Amino acid sequence: MSEALQKLGLVPFFTQQLADASLLDSRVGRVTSVQRSNIAVLCDSEAMPAGLSPTLQQAKPLDRPTVGDWVVLDESRTRVEQVLERKSLFKRIGAGTRTEFQPVAANIDTLFIVTSCNEEFKESRLERYLALCDEAGVTPVIVLTKIDLTDDTADHVRRARSVKDGIPVETANALDPATLDGVRAWISDNSTVALVGSSGVGKSTLLNSLAEDSLAATNEVREQDKKGRHTTTHRELHQLPSGGLLIDVPGMRELRLAGVEESLGTVFEDIEQLAMQCQFTDCKHESEPGCAVLKAIEEDRLDVRRLLSYQKLQRENALASATLAEKREHGRSFGKMVKEAKLLKQRKGAT
Ligand SMILES: Nc1nc2c(ncn2[C@@H]2O[C@H](COP(=O)(O)OP(=O)(O)O)[C@@H](O)[C@H]2O)c(=O)[nH]1
Ligand SMILES: [Mg+2]
Ligand SMILES: [Zn+2]
């Protein structure tokens, strides 16, 4: 395995999937960006543009390459032929009527949930990201930026820690590389970190300071359309000169939950533990007698904010999951209809 590919995060998990080890010489690479149908694949030092094989063009969105994917190119190295099985996948459900999962970033080891010490900070937002992170199979780290703009960093740290027992919380002035040792400790050689969080919290600034170079600014210059000139508009995988890979994920306005029921249970383990002691097994923790959750709130052992957030995220997840299931069901019955119509046609043709 070449050193360049190792530095890009290639590990045996991926090489074991190759039909032939000689593919490693020139046809295996990592996706650094995807903009509509333009895919950039990094094999050694230069990212090359590539298209999709006809099969991949027809594939479900979730099966098409995304940033961070390891792929096999065709012989001419112009098309992606295969997407290797992912170690982890951060996905989201499409906005508006496109209720279908879409891949956001693949093969991430650590997720930086970036939030700033100002009005943007919200525990429920962190809880939402934590559920998505757990579902993706990635280690979360909360990164609190803009500590230079608050008098009370400690209070923000305390609030961030309250969202999950043992969650690592790092603080940063993203503009000052001297404050980033805590954050840096989470970035190791050959490992991939994705940065998520609302727009404006300092993800690109953090990336540039970590690289001690304006990687994201280079990005802005390359983007020709005026629209997104000063903000990151697309996801991109960057290689840090000091080792390690970072994916800047621009602010995703619509980050709805779907299919994360189990992960919500992990994030809100404290509430689920309490709920096991409720008198009724189907207790909604609203006004039922013998409710251990309400009792914990009364006794200040649980914040009512947290219960409300848990219930809200659960409702949202249940609704989206039902829509997804309904869509699948509809897809099946439509397929059945087509099959029946074809059979009927064949029979008619036979007579
Ligand atoms: N004072 C201060 N400003 C910051 C910090 N992090 C980011 N900013 C500023 O916040 C704005 C948005 O940052 P940007 O990196 O583009 O946010 P992104 O949308 O998350 O990528 C920029 O003007 C940054 O200079 C910080 O830690 N302290
Ligand atoms: Mg940005
Ligand atoms: Zn209860």
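As a convention, each chain's residues are numbered from 1 in the sequence order in which they are written. Starting at A for chains and at 1 for ligands, labels are handed out in the order in which the entities are written. Given that this is a predicted model, residues contribute local features only at a pLDDT of at least 70 and side-chain atom pairs are listed and counted only at 80 or more, while totals for whole chains, interfaces and linings are drawn from all residues.

Peer 1: Give a description of the overall build of the protein chain that names residues and reports values.
Peer 2: Looking only at helices and strands, the protein chain features 12 helices and 13 strands. Every one of the 351 residues in the protein chain was classed for burial, and the buried ones make up 36%. Look at the contacts in the protein chain between residues 6 or more apart in sequence, and 64% of them connect residues 24 or more apart. Where helices and strands are cited, they refer to DSSP runs of H or I of at least four residues and of E of at least two residues respectively, numbered from the N terminus. Counting other C-beta atoms within 10 Å of each residue's C-beta, where C-beta atoms are placed from the backbone, gives the exposure class: buried for 20 or more, exposed for 12 or fewer, partly exposed between. Note on contacts: each residue gets a C-beta atom placed from the backbone, and two residues are in contact if those atoms are within 7 Å.

Peer 1: Can you tell me about the environment of Glu 272, naming the residues and giving the values?
Peer 2: Note on placement: Glu 272 falls in helix H10 (residues 269–275). Glu 272 sits in the partly exposed class, given 14 other C-beta atoms within 10 Å. For Glu 272 and Val 293, which are 21 residues apart along the polypeptide, the C-alpha to C-alpha distance reads 8.8 Å.

Peer 1: Help me get a handle on the nonpolar core, residues and values and all.
Peer 2: If you look at the biggest cluster of nonpolar residues, it comprises 78 residues, and the most contacted ones within it are Ala 194 and Leu 195. When residues in this core are grouped by element, the largest group, seven residues, is from helix H4 (residues 123–136). Among all residues touching Leu 195, those that are not within four sequence positions of it are Phe 112, Val 114, Lys 203, Leu 206, Leu 207, Leu 246, Ile 247, Asp 248 and Val 249. Each nonpolar core consists of buried Ala, Val, Leu, Ile, Met, Phe, Trp, Tyr and Cys residues. Their C-beta atoms, within 7 Å, join them into a set.

Peer 1: Requested: an account of helix H7 (residues 203–211), with residues and values cited.
Peer 2: Most of H7 sits inside the fold, with eight of its nine residues counted as buried. What H7 keeps buried is the set Lys 203, Ser 204, Thr 205, Leu 206, Leu 207, Asn 208, Ser 209 and Leu 210.

Peer 1: Describe the site of ligand 1, naming the residues involved and giving the relevant values.
Peer 2: What makes a residue near a molecule or strand is its C-beta atom, placed from the backbone, lying within 6 Å of it. Taken together, the neighbourhood of ligand 1 is formed by 18 residues, with Ala 174, Gly 202, Lys 203, Ser 204 and Thr 205 sitting nearest. No other element matches H7, which puts three residues into the shell around ligand 1. Amino acids are sorted into nonpolar (Ala, Val, Leu, Ile, Met, Phe, Trp, Tyr, Cys and Pro), charged (Asp, Glu, Lys and Arg) and polar (every other residue, Gly among them). Classifying every residue of the shell around ligand 1 by side-chain character gives five nonpolar, 10 polar and three charged.

Peer 1: Break down unusual backbone geometry for me, with residues and values.
Peer 2: Even without glycine at this site, Arg 77 takes up a positive phi of about 55°. The backbone phi angle of Lys 146 is positive, close to 60°, even though this residue is not glycine. Along the chain, the position of Lys 146 falls in the loop between strand E9 (139–145) and helix H5 (153–161).

Peer 1: Quick one: what's the story with the environment of Gly 259, residue by residue and with numbers?
Peer 2: Inspection of the secondary structure assignment puts Gly 259 in the loop between strand E13 (245–248) and helix H9 (261–267). As a C-alpha pair, Gly 259 and Asn 317 span 58 residues in sequence and 6.4 Å in three-dimensional space. Non-local contacts of Gly 259, meaning those with residues more than four positions away in its chain, are made with Ser 321 and Leu 324.

Peer 1: Can you break down the environment of Leu 89 residue by residue, with the values?
Peer 2: Mapped onto the secondary structure, Leu 89 falls in strand E6 (residues 89–93). Residue Leu 89 is classed as buried on the basis of its C-beta count, with 20 C-beta atoms lying within 10 Å. For Leu 89 and Asp 109, which are 20 residues apart along the polypeptide, the C-alpha to C-alpha distance reads 9.9 Å. When near neighbours in sequence (up to four residues on either side) are disregarded, Leu 89 contacts Pro 103, Ala 106 and Ala 136.

Keep in mind that these numbers describe shape and distance, not what the molecule does.
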